[in-house]
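Remarks on the overall topology
The lines below spell out each chain.
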Amino acid sequence: RAAEAAAAAEAERKAKGLPPPLPTAEELSVVLAEQARSLLRTSAARRWECRLQKLELHAALHDLRPAQLVELTELLYQDAVLEATVFAPAFAPYASADTLDSVLRLWSGRWRAVSSSAMEHLQDAALSASDKMDALGEWAPLWPPLESLNRLYVARGLPRLADVYGIVEPLMAEYTANLTTRFDDELEAAWQRERWEAMGLADGHRHAAVVWDLFTLFSSSLDVFFEPARHGGPMLAEWVETVAARCFFILNKFVNRMRQELGSDASLLPPKPSYPELQDLGGLTKGFATGIKSLLAEQGRKKSVLQAANTVGALCVRLHSLSFCIAQLDALSAMIDDSWAALVARRVADGASAAEEEPSPTTILHAGAPEAVAASCAELCWFLGAKVVYQDLKGPLFDELYCRERDVSGKVDPRSPLKPTLSSPSAGSADGTPLLVELLEEVLGKLGEDLLSDSAPPSPTRDASRAPASPGIAVAMSGREHGRWSSSVLAEAAAEAGGGGGAQLEADNSELRDAAVRGVLVAVVQALERILLDGGPRRVFVPGDAPSLLEDVQLLREFFVARDAEGTVHGLAEEEVDLVSERLLGIVRLMHLPTGELTARFVDEAERLPDTDERDPFTRANLGRVVLHRAAADPAAKAFVASHRAWLQRVLQRQDAKPESVRERCYSGNMLLQRSGSGATVAAATSSSPQLKVTTPEAERTPSSEVTQSF
């Protein structure tokens, strides 16, 4: 009926000769929308064809070179931006809402058609490692414009033109593997060149060239790694963490190689001598020299001290190198943070949502690597002390200290003085300098000179501020100065540098110096405990030696605390030095006991003595060892050893199975301690915080009231 009515109306209009009616607004809008849609699509298709003609791509649409596809993608992005910002708003009153989307779909379909071959090639699982590395460089310029296009499409609710991250990820994995190989080759070459001599540059920094080369390599590699992302290329926090892990892998390899080359501090400790008393008492008097001439002893000590100073100089280069690594790890972490912040800022400026961006990656360079290098630095400090004391000073300490002169038959006169001792004047000394000071003053002075006078090193990643050196450290003992731990050159350097912003560097260097001095202290205490308890047949002690030995312990404590004339501590904290030497003092107290009391307590079951103990010096093994060292001069001790030989052997075998390590007894983990005021406090320098192991027994065992009163 409606059709019939319309037909009748049309016939009547024609019969009357009237013009056709105007379209309604609704009919007109439909016509205009269709025309606008057609116009935009035709224009978009024509522009695509113009781009192909401009780039002369019609003949090889399915075999595009990287540069051609890059240029086509850049032009397409410009057209898409123009379409979205100019044409679409201009035609908005006429075109439908999905007109722009239809244009973008047209372009994305045609882009995928011409790029499909290249994209499939990049994702080919059979692509060789070298081809992947070549592709990563050749196709790098494509990713920024393609990512910009992807963001524009995603903002319109349209699918991406290509999964850039899915394409790049296997290429990036190959890049990381290649980077590891390159790092390893560079490390090997740098290691072969290294002679462990301080770099002689104008700034006076003292680390080795190998660490400078390594961190220059790391810094430049990270800079190249971030470069594509700075221009809009893809980047994931996961990729950053992987590259950072590769840097740490090589750094850790370098640190471990250095530690393996040096060895462990425990391996340097001389072995315990055997006890002839437990096998053949008659052989005790055989094979002893009549003594060492003073002149030869003096020359030997000077040679040992010189060798120890040379050891300090060589190992301080390694210490500075590890310290430099810690500082540069912080610089690399800051570089990653800054690069990531710039990357996020660019993405947000390009239209990305700040809330959807990944936070800055916390890599192993931020947390883990500094702690690992700090632990190696601490191990090197322990090694330095062991090398100086156990090897360089082995002659004056292990071979000569506390060795009484004997007659031609090898018999010891217990009334002869115990010499040399640490507190007795050294041979050839005009001012009465104690032997301990002669042996260690130059060593600790070298430590102060090398570790406290270092200026701020330049950085491969960022500039470092120059800092003043620390002034010299005076050592005061018995009311008079016996020497200085550091050269007067330090005071001059401090005066030249003046005040300034180097307080943190000076504090860090002071910590490093203290750690190295701590290594020497522990090694000296370890050596003295070994000499007193396992000194071998060359050592013969009697109760009357205890005051001289006590004087040595007191001198040792004063020397390492290093108070000046005003009482200010310049060395290690007094509490720490006392704790480290506490067991040594207990051993000296045991040595003051008469033989009868020692033997009575050894066999007294009611005493309930432990055979061994990590901390308590009052054990059956220690009592037995003190008696053994008297057997050559004390008939009662000799008779006890003969009658209890089997028991003594069993106890000493149990003791030999237990390590008597001063380091393990007094410290756990890292050993870098910081001073707070005048006392030592534990610093959480690493995840396993270094700390002194302090124990307070419920009831401290006292050898005898006589010892307490005497001391």
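Bear in mind that the values here come from a model prediction, so they are computed numbers and not experimental data.

Rules used throughout
- Residues numbered from 1 in each chain as written.
- Predicted model: local features only at pLDDT ≥ 70, side-chain atom pairs only at ≥ 80, totals over all residues.
- Heavy atoms only, no water.
- Helix = DSSP H or I, 4+ residues; strand = E, 2+ residues; numbered from the N terminus.
- Contact = heavy atoms within 4.5 Å.
- Areas by Shrake-Rupley, 256 points an atom, 1.4 Å probe, with all protein chains shown as cover.
- Patch = residues over 30% accessible without salt bridge, like charges linked within 9 Å, V, L, I, M, F, W, Y side chains within 5 Å.
- Salt bridge = Lys/Arg side-chain N within 4 Å of Asp/Glu carboxyl O.
- Lys, Arg positive; Asp, Glu negative; His and termini not counted.
- Charge placed at Lys NZ, Arg CZ, Asp CG, Glu CD.
- Buried < 20%, exposed > 50% of the residue type's maximum accessible area, 1.4 Å probe, protein only.
- Core = buried A, V, L, I, M, F, W, Y, C linked by side-chain atoms within 4.5 Å.
- Phe/Tyr/Trp six-rings, centres within 6.5 Å; stacked < 30°, edge-to-face > 60°.
- Lys NZ or Arg CZ within 6 Å of the ring centre and 35° of its normal.
- Axes fitted to C-alpha atoms, helices over the stretch in contact; angles between N-to-C directions.
- Parallel < 35°, antiparallel > 145°, perpendicular 65-115°, else oblique.
- Left-handed = near helix turned anticlockwise from the far one by under 90°.
- Nonpolar A, V, L, I, M, F, W, Y, C, P; charged D, E, K, R; others polar.
- Polar contact = N/O pair within 3.5 Å; in protein donor to acceptor, adjacent residues only side chain to side chain.
- Expected span 1.5 Å × (residues − 1).
- pLDDT = per-residue confidence, 0-100.

**A short note on the overall build of the chain**
- When you go through the chain residue by residue, the secondary structure sums to 24 helices and 6 strands.
- Contacts in the chain between residues at least 24 apart in sequence constitute 78% of all its contacts with a sequence separation of at least 6.
- Surface summary for the chain: the accessible area is close to 32900 Å², and the carbon and sulfur share equals 53%.

**Re a negative patch on the surface**
- Together, Glu 169, Glu 238, Glu 241 and Glu 358 make up a negatively charged patch on the protein surface.
- Checked against the element boundaries, Glu 358 lands in the loop between helix H10 (294–349) and helix H11 (369–392).
- Judged by relative accessible area, Glu 358 falls into the partly exposed class, the value being 35%.

**So, the nonpolar core**
- Counting residues in each nonpolar core, the largest one holds 171 residues, and the members touching the most others are Trp 107, Phe 254, Tyr 402, Leu 447 and Phe 560.
- With 17 residues, the single largest contributor to this core is H10.

**Section: the packing of aromatic side chains**
- Inspection of every chain in the model, using the stated rule, returns 16 aromatic pairs.
- Here Phe 215 and Phe 218 contribute two aromatic rings whose centre-to-centre distance is 5.5 Å and whose plane-to-plane angle is 80°, an arrangement assigned as edge-to-face. Of this pair, Phe 215 and Phe 218 both sit in helix H8 (residues 209–230), 3 residues apart, which is roughly one turn of that helix.
- Here the aromatic rings of Phe 215 and Phe 324 are separated by 6.2 Å at their centres, their planes lie at 90°, and the arrangement is edge-to-face. Taken together, the residues span a long stretch of sequence, with Phe 215 in helix H8 and Phe 324 in helix H10 at a distance of 109 residues. Across the pair, Phe 324 and Phe 215 agree in class, each one buried.
- Taken together, Phe 183, Trp 212, Phe 215, Phe 218 and Phe 324 form an aromatic cluster joined through their ring pairs.
- Geometry around Trp 196 places Arg 318 over its ring, the cationic atom sitting 4.1 Å from the centre.
- Across the ring face of Phe 602, the terminal group of Arg 620 is positioned such that the distance to the ring centre comes to 5.7 Å.

**A look at the packing of helix H13 (residues 435–452) against helix H16 (residues 546–561)**
- Taken N-terminus to C-terminus, the directions of H13 and H16 make an angle of 20°; their axes are 12 Å apart at the nearest point. For the element pair H13 / H16, the angle class is roughly parallel. Classified by chirality, the crossing of H16 by H13 is right-handed. For the pair formed by H13 and H16, the contact residues are Leu 436, Val 437, Leu 440, Glu 441 and Leu 444 on the first element and Leu 555, Leu 556, Phe 559 and Phe 560 on the second.
- Considered class by class, the residues forming the contact of H13 with H16 number 8 nonpolar, no polar and 1 charged.

**Let's talk about the pattern of salt bridges**
- What the rule picks out here adds up to 34 salt bridges.
- The salt bridge involving Glu 660 is made with Lys 272; its shortest N-O contact spans 3.4 Å. In this pair, Glu 660 is assigned in the loop between helix H22 (645–656) and helix H23 (662–666) and Lys 272 in the loop between helix H9 (237–262) and H10, connecting sequence segments 388 residues apart.
- With relative accessibility at 18%, the residue Glu 660 sits in the buried group.
- When its relative accessible area of 28% is taken as the criterion, Lys 272 is described as partly exposed.
- For Glu 379, the salt bridge identified is with Arg 663, shortest N-O distance 2.3 Å.

**A short note on the side chain of Glu 660**
- A polar contact of 2.9 Å, which involves the side chain of Glu 660, links it to the side chain of Arg 583.
- Beyond its immediate sequence surroundings of up to four residues, Glu 660 is in contact with Lys 272, Gln 526, Leu 533, Asp 534, Arg 583, Asn 622, Arg 625 and Gln 655.

**Here we look at the side chain of His 629**
- With respect to the element layout, His 629 can be found in the loop between helix H20 (620–628) and helix H21 (635–643).
- Within polar-contact distance, the side chain of His 629 engages the backbone nitrogen of Gly 535 at 3.0 Å.
- Among the polar contacts made by the side chain of His 629, one reaches the main-chain carbonyl oxygen of Arg 625 at a distance of 2.8 Å.

**Structural notes on H9**
- Here H9 contains 26 residues, and its C-alpha end-to-end distance of 37 Å stays within 8% of the 38 Å for a straight helix at 1.5 Å per residue.
- Looking one or two residues beyond H9, the residue adopting positive phi is Gly 263, at roughly 95°.

**Here's the deal with unusual backbone geometry**
- Residue Pro 420 is reached from Lys 419 by a cis peptide bond, and omega for that bond is -5°.
- One non-glycine residue with positive phi stands out, namely Trp 196, at about 55°.
- Position of Trp 196 relative to the elements: it lies in the loop between helix H7 (164–193) and H8.

**A short note on the confidence of the model for the chain**
- For the chain, mean pLDDT is 79; residues scoring 70 or higher make up 77% of the total.
- Low pLDDT, under 50, characterises residues 280–296; the stretch is placed with 21 contacts to residues that sit more than four places away or in other chains.
- The low-confidence segment residues 670–711, where pLDDT is below 50, has 95 contacts with residues more than four positions distant or belonging to other chains.

**Regarding the packing of H8 against H9**
- It is at 11 Å that the axes of H8 and H9 come closest, and there the two elements cross at 170°. Comparing the axis directions of H8 and H9 gives the class roughly antiparallel. Where H8 abuts H9, its residues Val 210, Val 211, Leu 214, Phe 215, Phe 218, Leu 222, Phe 225 and Phe 226 lie against Trp 239, Val 240, Val 243, Cys 247, Ile 250, Leu 251 and Phe 254.
- Here the residues of the contact of H8 with H9 are counted per class, giving 15 nonpolar, no polar and no charged.

**Let's talk about the environment of Cys 403**
- Following the sequence through the fold, Cys 403 ends up in the loop between helix H12 (394–399) and H13.
- Judged by relative accessible area, which is 13%, Cys 403 ranks as buried.
- Note: C-alpha distance between Cys 403 and Pro 420 (17 residues apart in sequence) is 7.0 Å.
- Apart from the residues lying within four places of it in its own chain, the contact partners of Cys 403 are Lys 419, Arg 538 and Arg 539.

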